[in-house]
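# A structural walkthrough
Here is how the chains run, residue by residue.
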Amino acid sequence: MIQNFFIEHSYLIGLVSFFFGLIGMPIVIRIAKTKGFVVRPNKRMSHTGEVPNIGGLNICFSFMLSYLLFEFSQMDQSQFFLIGLFAIMAVGFIDDVLVLTPIAKLFGEALAGIALIGFADLRITHLHGLFGIEQIGIVPSYLISVFILIAIINAVNLIDGIDGLASGLGILYCLFFAVYFGLAGADEKSWSILGICMIGALAVFFIYNVFGHREKIFMGDSGSLLLGYLLTAFVFHFCEINAYNKVPEMLHMSAAPSVAICVLTVPLFDTIRVSLTRIKQHRSPFQPDKNHIHHLLLRTGLNHLQTTCVLLTVSAFFVGLGILGRNWNIWTLLVVDFGLATGLTLILWRVINHKLYGNNADH
């Protein structure tokens, strides 16, 4: 009866996840400081002192504990997905501690993706008429799914550059998918609960990351890869249930792939822009720099929290665009989305140039 009550009032499960996170976070911070799992100040970071960088461990365990507590009956359907989730967290943790090469990291992500795409069979099988293609064969399905998986995971990983940004965006994105799956009917309830569990886990991290002073902690790759993996699963399932009309008619989105891109516009567009810029400058797209969107906003004089709030607001705008254009032509919504993202970026560069060079910026 208690379990059914919580499932019927699923927002309460988020509170349970939050509670688990509150209990676990001080333990994770203590372990990190004892074992030396910390980040020391360097030229690419603005923090002072040694800060633990394994916040993803607490996110993972509070998320999994709360989900399994209320959805253990779904283990037969979700076991491979959860194994993959734990595996991607492990890849991130190893990178946090040992610092993997980009190729080794990509290889680890692909291996973890096997559990999701291969064993859990959660993948893209339908292109919604994109390029005139509907259903696709198993080989293209696997290739496209792996590409999307790696793209989303690394986009989320790269956007994790300032306090509260990755976790704040994660909360927003999980809220969108949790609400959508929750409205889609009883068959999608477990997917909604997945999102709610992650919201609770991320909320604890957000508080410590943004407002913690002596108890500050970073998400690390263990957290950002985990979050990207979960969002990829949401995108796959979201596109698939819309492709095969498994949602009520009023919730159906014929442009589902473009809607998913709209939701994830900030990390995806920023990753594409930064990668193309590095390639144009004859540098490796994997080479780190301070040209990400949050770095640009910091140049305007905003602090970390203000920058995070701006990008959360912009992301909410693009989520709204996706909802508004959910039944537009796929290409139309995609062009509008990337056109607006490009326009906003150009405006930002103009603001930066004006701040740096004043009236000479126009010459």
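Being a predicted model, the structure only gives us computed values, none of them experimental. (Residues numbered from 1 in each chain as written. Predicted model: local features only at pLDDT ≥ 70, side-chain atom pairs only at ≥ 80, totals over all residues. Heavy atoms only, no water.)

## Quick word on the environment of Ser224
Just so we agree on the cut-off: By the criteria applied, helices consist of DSSP H or I runs no shorter than four residues and strands consist of E runs no shorter than two, each listed in order from the N terminus.
Tracing the backbone shows Ser224 in helix α9 (residues 220-243). The spacing of Ser224 and Thr34 is 190 residues in sequence and 23 Å in space, taken between C-alpha atoms.

## Focus on the side chain of Thr232
We apply this condition: By the criterion applied in these results, polar contacts are pairs of N or O atoms within 3.5 Å in which, for protein atoms, one can donate a hydrogen and the other can accept it, and in which residues neighboring in sequence qualify only through two side-chain atoms. By definition in these notes, contact holds between two residues if any of their heavy atoms fall within 4.5 Å.
Tracing the sequence through the fold places Thr232 in helix α9. At 2.8 Å, the side chain of Thr232 forms a polar contact with the backbone oxygen of Gly228. What Thr232 contacts, discounting residues up to four positions off in sequence, is Leu116, Leu149, Ile152 and Ile153.

## Focus: the pattern of salt bridges
Let me state the cut-off plainly: Salt bridges are defined by distance alone: a side-chain nitrogen of Lys or Arg within 4 Å of a carboxyl oxygen of Asp or Glu. Classification of residues uses two cut-offs on accessible area relative to the type maximum, computed with a 1.4 Å probe and protein chains only: under 20% is buried, over 50% is exposed, and between them is partly exposed.
Under the counting rule described, the total for this entry stands at seven salt bridges. The shortest N-O distance in the salt bridge between Asp221 and Lys105 comes to 2.8 Å. Of this pair, Asp221 sits in helix α9 while Lys105 is found in helix α5 (residues 102-119), placing the two residues 116 residues apart along the sequence. Per residue, the accessibility class of Asp221 equals that of Lys105, and both read buried.

## Thoughts on unusual backbone geometry
Glycine aside, the phi torsion of most residues is negative, and most peptide linkages are trans. Unusually for a residue other than glycine, Phe131 sits at a positive phi of about 60°. Tracing the chain through its elements places Phe131 in the loop between α5 and α6 (138-159). For Phe131, a relative accessible area of 62% corresponds to the exposed category. Its identity is not glycine, yet Asn245 carries a phi of approximately 55°, on the positive side. The residue Asn245 is located in the loop between α9 and α10 (256-263) in this model.

## Comments concerning the packing of helix α7 (residues 165-183) against α9
Stated formally: Note on method: axes are straight lines fitted to C-alpha atoms, helices fitted across the in-contact stretch only, with angles between N-to-C directions ranging 0 to 180 degrees. Under this scheme an angle from 65 to 115 degrees is roughly perpendicular, one under 35 degrees roughly parallel, and one over 145 degrees roughly antiparallel; angles in between are oblique. If you view the pair so one helix is near and one far, a crossing is left-handed when the near helix is turned anticlockwise from the far one by less than a right angle, and right-handed when it is turned clockwise. Amino acids are sorted into nonpolar (Ala, Val, Leu, Ile, Met, Phe, Trp, Tyr, Cys and Pro), charged (Asp, Glu, Lys and Arg) and polar (every other residue, Gly among them).
Contact geometry of α7 with α9 gives a least axis separation of 11 Å together with a crossing angle of 25°. By the angle between their directions, the pair α7 and α9 is classed as roughly parallel. In this structure, α7 crosses over α9, and the sense of that crossing is left-handed. Residue-level inspection shows Ala166, Gly170, Tyr173, Cys174, Phe176, Phe177, Tyr180 and Phe181 of α7 in contact with α9, the latter providing Leu227, Leu230, Leu231, Phe234, Val235, His237, Phe238, Ile241 and Asn242. Residues that form the contact of α7 with α9 fall into these classes: 14 nonpolar, three polar and no charged.

## Let's talk about helix α13 (residues 304-324)
Applied cut-off: Expected helix span is taken as 1.5 Å per residue step, with the number of steps being one fewer than the number of residues. This arc corresponds to the set of directions leading from the helix axis out to the C-beta atoms.
With 21 residues, α13 ought to run about 30 Å at 1.5 Å a step, and its terminal C-alpha atoms sit 30 Å apart, in line with that. Listing the buried residues of α13 in full gives Thr307, Thr308, Leu311, Ser315, Phe318, Val319, Leu321 and Gly322. Buried positions in α13, seen along its axis, are confined to an arc of 155° and lie on one side of it. Facing away from the buried side of α13 by more than 90 degrees, the exposed set consists of Thr313 and Leu324. Next to the buried residues of α13 lie α7, α10, α11 (265-280), α12 (293-299) and α14 (330-357). Taking the backbone nitrogen of Leu305 as reference, a side-chain oxygen 3.2 Å away marks Asn303 as the first, capping residue of α13.

## A word on the packing of aromatic side chains
Test applied: Ring geometry is summarised as follows: Phe, Tyr and Trp rings, the Trp one being its six-membered ring, pair when their centres sit within 6.5 Å, and such pairs are stacked at plane angles under 30 degrees, edge-to-face over 60 and tilted between the two. In this scheme, the term charge over a ring applies when either NZ of a lysine or CZ of an arginine sits within 6 Å of the ring centre and within 35 degrees of the ring normal.
Scanning all chains against the criterion turns up 21 aromatic pairs. Ring geometry for Phe181 and Phe234: centres 5.9 Å apart, planes at 55°, overall tilted. Here the residue Phe181 occupies a position in helix α7, and Phe234 occupies one in helix α9, the gap between them amounting to 53 residues. Residue classification places Phe181 among the buried positions, given a relative accessible area of 0%. Among the aromatic residues, ring-to-ring pairing joins Phe81, Phe176, Phe177, Tyr180, Phe181, Trp191, Tyr229, Phe234 and Phe238 into one connected group. Here the basic side chain of Arg123 rests over the ring of Tyr142, its NZ or CZ set 5.0 Å away from the ring centre.

## Some details on the environment of Ser190
Note on placement: Ser190 falls in helix α8 (residues 189-211). Spatially, the C-alpha atoms of Ser190 and Phe70 are 9.5 Å apart, while their sequence positions differ by 120 residues. Those residues in contact with Ser190 that lie beyond four places of it in its chain are Tyr67, Glu71 and Gln74.

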